[in-house]
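In case you want the letters, here they are:
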Amino acid sequence: LRKAGLRVDLYPTKAKLKKQFKYANSLGIPWIIVIGPDEASEGTVRLRQLSTGDQQNLPLDEVVTAIGSAQSA
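Quick notes on the rules
- Residues numbered from 1 in each chain as written.
- Predicted model: local features only at pLDDT ≥ 70, side-chain atom pairs only at ≥ 80, totals over all residues.
- Heavy atoms only, no water.
- Core = buried A, V, L, I, M, F, W, Y, C linked by side-chain atoms within 4.5 Å.
- Buried < 20%, exposed > 50% of the residue type's maximum accessible area, 1.4 Å probe, protein only.
- Helix = DSSP H or I, 4+ residues; strand = E, 2+ residues; numbered from the N terminus.
- Contact = heavy atoms within 4.5 Å.
- Salt bridge = Lys/Arg side-chain N within 4 Å of Asp/Glu carboxyl O.
- 1 Å grid on protein atoms, 1.4 Å probe; cavity = no way out; pocket = protein on both sides within 12 Å on 5 of 7 lines; lining within 4 Å.
- Points joined across faces, edges and corners; volume = space filled by probe spheres on them.
- Nonpolar A, V, L, I, M, F, W, Y, C, P; charged D, E, K, R; others polar.
- Phe/Tyr/Trp six-rings, centres within 6.5 Å; stacked < 30°, edge-to-face > 60°.

**Some points on the nonpolar core**
- Trp31, Val45, Leu47, Leu58, Val63, Ala66 and Ile67 together form the largest nonpolar core, which totals seven residues.
- Contributing elements (two or more residues each) for this core: strand E2 (44–49) and helix H3 (63–72).
- Among the elements that take part in this core, H3 stands out by supplying three residues, more than any other.
- Apart from residues no more than four positions distant in its own chain, Val63 is found in contact with Leu1, Ile33, Val45, Leu47 and Leu58.
- With five residues, the next largest nonpolar core counts Phe21, Ala24, Val34 and Leu50 among its residues.

**Some points on the pattern of salt bridges**
- Under the criterion given, the structure shown has one salt bridge.
- Across the pair Glu39 and Arg46 runs a salt bridge, and its minimum N-O distance is 3.5 Å.
- A relative accessible area of 9% means that Glu39 is categorised as buried.

**Remarks on the layout of surface pockets**
- If you add up the space inside the largest pocket, you get close to 910 Å³.
- Lining the largest pocket are 28 residues, with Asp9, Ile29, Trp31, Ile32 and Ile33 positioned closest to its centre.
- Of all the secondary-structure elements, those providing two or more residues to the lining of the largest pocket are helix H1 (17–26), strand E1 (31–34) and H3.
- The greatest single-element share of the lining of the largest pocket, amounting to five residues, is contributed by H1.
- By residue class, the composition of the lining of the largest pocket is 21 nonpolar, four polar and three charged.

**Some remarks on the packing of aromatic side chains**
- Taken as a whole, this structure holds one aromatic pair when the rule is applied.
- Consider the rings of Tyr11 and Tyr23, whose centres lie 5.0 Å apart with planes at 90 degrees: the pair is edge-to-face. One end of the pair, Tyr11, is in the segment before H1; the other, Tyr23, is in helix H1, with 12 residues separating them in the sequence.

Written out as structure tokens, the structure reads:
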């Protein structure tokens, strides 16, 4: 993601997702990528847009395209 020019941040400690979402929202981060056990086993990520709550599961290599498409819409 960084190679594609995206600014990326990782939550610094283990915490519940709700707390991590609040943290991202407080920093104005528009997108969250969640990789839980299900996503890891499937080779996918959950991409969530914080402003709308919309989310989708997709392969990691499609994340940059999905974010770019949503921002230009």
